[in-house]
Each structure stands twice: as C-alpha cells, then as structure tokens.
Amino acid sequence: MAKSLIAEGKRCLQCANPKCSKGCPVHTDIKEMINLFLQNDILKAGEMLFQNNPLSLICSIVCPHEKQCEGNCVLGIKGQAIQISEIENYISDYYLNFVKPTHHKNTGKRVGIIGAGPAGITIAFILAARGYDITIFDAHDKIGGVLMYGIPEFRLPKTILDRIKNKMVEMGIKIRPNTLIGPVLTIDDLFRDGYKAVFIGTGVWKPKALSIKGESLGHVHYAIDYLKNPSVYDLGESVCVIGAGNVAMDVARTAIRKGVKDVTILYRGDMNSIAADKSELEYAKIDGVKFEFLKKPFEITDDGVLYQQTIVEKDEWGHDLFTPIQNTEQLFACETVIVSVSQGPRNNIVSTTTGIDINKGGLVSTDLEGRTTREGVFASGDVVTGAKTVVEAVRVSKAVADAIDVYVTGQA
Ligand code: SF4
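> An account of helix 4 (residues 42-52) is requested, with residue identities and associated values reported.
Every α-helical turn comprises 3.6 residues, leaving residues that sit three or four positions apart pointing alike. Where helix 4 is concerned, the buried positions are Ile42, Ala45, Gly46, Leu49, Phe50 and Asn52. Down the axis, helix 4 shows its buried residues gathered within 165° of arc, on one side only. Looking at the packing, one finds that the buried side of helix 4 touches helix 3 (30-38), helix 5 (56-62), helix 7 (84-95), helix 8 (118-129) and helix 16 (390-410).

> Can you tell me about the sheet that holds strand 2 (residues 133-137), naming the residues and giving the values?
Ordered in space as 3-2-1-4-16, the five strands form an open sheet in which the pairing is parallel. Single-partner strands in this sheet number two, and they are strand 3 (174-176) and strand 16 (377-379). Recorded for the sheet is a direction-independent mean angle of 20° between the axes of neighbouring strands. In terms of strand pairing, strand 4 (residues 195-200) meets strand 16 through three bridges, oriented parallel. When the sheet's bridge partners are listed, Val198 is paired in strand 16 with Val377. Running at roughly 160° to strand 4, helix 16 makes contact with strand 1 (110-114), strand 4 and strand 16 of the sheet.

> Can you lay out the site of the ligand for me, pointing to particular residues and giving the numbers?
All residues adjacent to the ligand are Cys12, Leu13, Cys15, Pro18, Cys20, Cys73, Val74, Ile82 and Ile84. The site holding the ligand turns out to be the largest cavity. A class-by-class count of the residues in the shell around the ligand yields nine nonpolar, no polar and no charged.

> Explain the domain arrangement of the protein to me, and be specific about the residues and the numbers.
Assigned domains of the protein: these are domain 1 (2-98), domain 2 (106-205 + 349-409) and domain 3 (209-341). Placing the centre of domain 2 and that of domain 3 at their C-alpha centroids yields a distance of 32 Å. Counting residues at the interface gives eight residues for domain 2 and eight residues for domain 3. Of the roughly 790 Å² buried between domain 2 and domain 3 on both sides combined, carbon and sulfur atoms contribute 59%. Taken together, the connections running from domain 2 to domain 3 amount to two salt bridges. Here Arg155 and Asp250 are joined by a salt bridge, their closest N and O atoms 2.8 Å apart. The interface formed by domain 2 and domain 3 holds two residue pairs in polar contact (both at pLDDT 80 or more) in total. Residue composition of the side of domain 2 that touches domain 3, grouped by class: five nonpolar, two polar and one charged.

> Can you tell me about the packing of helix 8 against helix 10 (residues 159-170), naming the residues and giving the values?
In contact at an axis separation of 10 Å, helix 8 and helix 10 are set at 35° when each is read in the N-to-C sense. The way helix 8 lies across helix 10 gives a crossing that is left-handed. Contacts between helix 8 and helix 10 involve Ile121, Ala124 and Phe125 from the former and Ile164, Lys167 and Met168 from the latter. For the contact of helix 8 with helix 10, the residue count by class is five nonpolar, no polar and one charged.

> Could you give an account of the side chain of Thr135, naming the residues involved and the relevant values?
Within the secondary structure layout, Thr135 lies in strand 2. Judged by relative accessible area, which is 7%, Thr135 ranks as buried. Setting aside chain neighbours within four positions, we find Thr135 in contact with Val111, Gly112, Ile113, Lys174, Arg176 and Tyr195.

> How would you sum up the pattern of salt bridges? Please name residues and give values.
Under the defined criterion, the tally for this structure stands at 26 salt bridges. Across the salt bridge formed by Arg11 and Glu8, the nearest N and O atoms sit 2.9 Å from each other. The exposure class of Glu8 is buried, given its relative accessible area of 11%. Two residues, Arg371 and Glu369, come together in a salt bridge whose shortest N-O distance is 2.9 Å. The exposure class of Glu369 is partly exposed, given its relative accessible area of 36%.

> Account for the pairing of strand 12 (residues 320-324), with residues named and values stated.
Sheet topology places strand 11 (residues 304-314) next to strand 12; five bridges connect them, and they run antiparallel. Note on strand 12: the bridge partner recorded for Ile311 is Thr323. In textbook terms, the turn of a hairpin is the stretch between consecutive antiparallel strands, and for strand 11 and strand 12 this stretch comprises five residues, one of which, Gly318, has a positive phi near 85°.

Definitions and cut-offs
Residues numbered from 1 in each chain as written. Predicted model: local features only at pLDDT ≥ 70, side-chain atom pairs only at ≥ 80, totals over all residues. Heavy atoms only, no water. Buried < 20%, exposed > 50% of the residue type's maximum accessible area, 1.4 Å probe, protein only. Helix = DSSP H or I, 4+ residues; strand = E, 2+ residues; numbered from the N terminus. Arc of directions from axis to C-beta. Contact = heavy atoms within 4.5 Å. Pairing = 2+ DSSP bridges. Axes fitted to C-alpha atoms, helices over the stretch in contact; angles between N-to-C directions. Near = heavy atom within 4 Å. 1 Å grid on protein atoms, 1.4 Å probe; cavity = no way out; pocket = protein on both sides within 12 Å on 5 of 7 lines; lining within 4 Å. Sits in = over half its atoms within 2 Å of the grid points. Nonpolar A, V, L, I, M, F, W, Y, C, P; charged D, E, K, R; others polar. Domains from an automatic or database assignment. Buried area = accessible area lost by both parts, 1.4 Å probe. Salt bridge = Lys/Arg side-chain N within 4 Å of Asp/Glu carboxyl O. Polar contact = N/O pair within 3.5 Å; in protein donor to acceptor, adjacent residues only side chain to side chain. Left-handed = near helix turned anticlockwise from the far one by under 90°.

Shown next, in the form of structure tokens:
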C-alpha cells in the first residue's frame, strides 16, 4: 500500500492553482500534504491535516471524494486523478497515534456540547485547544453519533472512534455518555451550573415515516434504527428497502453482510433521480443488492409491499415528480421491509427550552455562524442542515467554534 502511495504522490503535479483543494469543503492543503509526505515529514503533514480538520482520518474514509478533492484533481480530466484520500488516510491514521493535542492555559470557562457527533467532536477539539473547560453530553454510550451508530462497520472501522475519544480525554474533555439533555437535565440547568455557552449538535435521529397503511406491522423497521444495532434484528431471507439514498445503500449492504439472501431497493424514481452517491450505488450493486425502479409503495402487508408504477416528470422548478400510473398496482413479496426515506431531528431540547426557534421540518434555526435565537446557545451539523456529509459538519463547525469563542470571551 505505502509503496504505491509514494508512486501516487510522485504523480502529483504540485499545481500552482490546485483545484483539488478548491473542491474540498475544508480546503485541505493537499499539495502541501503530498509534498511533506514525499519529504518524509509525515508528522508535520499529519499535524497540518489535524489542525485544519480534527476528523481528517474519518473524512479520508467517508467523504464522497469523487465529488470533492479527487473529482477536481486536474489529472482526472484526461486520466487518473491522484488517490488523495488514500494518502490522507495513511498520514492521518499514522498521526493519530502521535497527536499530542496542545491546549492553552485553562480559561476556566465552561462550554457544554450536546451531542458527540462530527459537529460536537470538531468543536470540542477546537475549544479545548483554546483552553475551554469542555463537557460533552451524549444520549448514546459511545461517542461518534452518526459515525458510530449510522455508518456501518464495513465502511468505517469503529476503533477509530475509540482512538479519537482517547485523544479527547487526554485533552481534558469530559464526556457524559447515556445522558439525554431535555427530559432530566435541561439547557437552563447547564447555564445555572456555570456553562458560558451551550452547543447543540444532536443530529437527526427521528426516522421519517412513509405514513402508509401497514407501517406499524412487526416486520417493518426504520433504517436509522436498524443501523444502530443490526445484530438484534431477525430479517429472514428477503428484505425490501424503501428509498434510495446513501442510508438505504448502507442498510442494504449491511443486511447482505448479516446473511440476508435477497435484498432489494424499491424506489419511486429512476436511476437518474437516485439520491445516493454514485460510488455507494456501485458498491451496493457489487455487493449483490437488487434494484426495482419506478415503484411507489402505498401499503405494506404481511406478504410484502404494495406499489404502483410511476413515471418521472418535472415540476415548474425542474424538480422530479414521481407520478403514479393508474391500474398498475402489484405486490413486491418480501419477509421484511426497511423504510429509509430520510430522518429529522428529535425535539428533546427545544421542547424543554424556551427561545430556540426551529423551522417547519424541526431543524434548529441559526445564522451562518451557528447562533440560535437564544443567546449563548449555538448549533450546527445535521440538526441545523438535515443529513449532510461529515466534512460539511466540520466546515460549518469550525466557524461556529470561533463564534462561541468570541461570544464567551466577550462575556464578563
Ligand atoms: Fe496534485 Fe491533482 Fe492537486 Fe494538482 S489537482 S496539486 S495534480 S492532487
């Protein structure tokens, strides 16, 4: 692996105007990363990556590189783009063993972080390095949020999160697992106890229902619930996954790995309207997932999913419309149905805290630097934007960390 990575690094043209970095949401200095790697200065390369993105190792694995750095590499126009993600992965994996997170003299100022997902971890690392007294509250027993409970092990080895957690503890970050803010402790309690600012990064854990007949039957499950702990589910021999986003691909590929013989994705649109990244779709096909397009479910029965055929049309804004065709009703037979048509936020916090506005979909309203409508309360990540990529959460959260710093520093 390493030998081919060196050859790969040597192919880099060290462009004067590197398009790879422009394609990266956090503008990773890829040219310099490759340069340092080839000069045997891996620690410096690792530090540079970590300072810019504390989740560099995770991003090297789960980012849609074909749309970002690698998709913009100039060598990809006529040939093969540099395998930037592989080089970043090698460096960041190595560096995580040696990272000695520096932190300035303790400011003694407490910041509470609710949710240990990508946004919360990023902000915790940045503010702890600046001397803040950080406590993270998470409803689950392990850190990582969607990284731990939403992305399957075969795509992201969970030992990485244990290593990241150890670094956080080394920096003095306190973690309260199994602690759901809202029902018992509230944001008001945190301010009472001396927290100067509170950050909400609780993600989107509420499955969106199809709202069709049969959805409460015993052989029907929701994708995000299934991915939390696939081992506890008995799916039988045939599974129908309704939906075609990245989460649906993860569900289908996990079910196959857990021994289900026949896994089919049933989708109301066609190949062109599919929401999953191209690479996720291709891997699903390689893994043996089958696809049924242009089928819109209208009822789930004990025998499977009743659907109508659809045609894809465009509305006046160019959005896809999936129009059912009369008299095309049929049954798709299966033992288990997993519904994977998006997620929204739970409302534990906003229902117990005054002054935090949410939008129609229940997402927390903020300005561009994460300020919510309540003073001292900030938010970013999926709970603000809906489900997005990890690197997007990192990008916004870096700015939010700065805004929290400015806010707390400005307090008496
Ligand atoms: Fe190297 Fe490609 Fe980036 Fe140019 S665009 S600096 S060739 S990785």
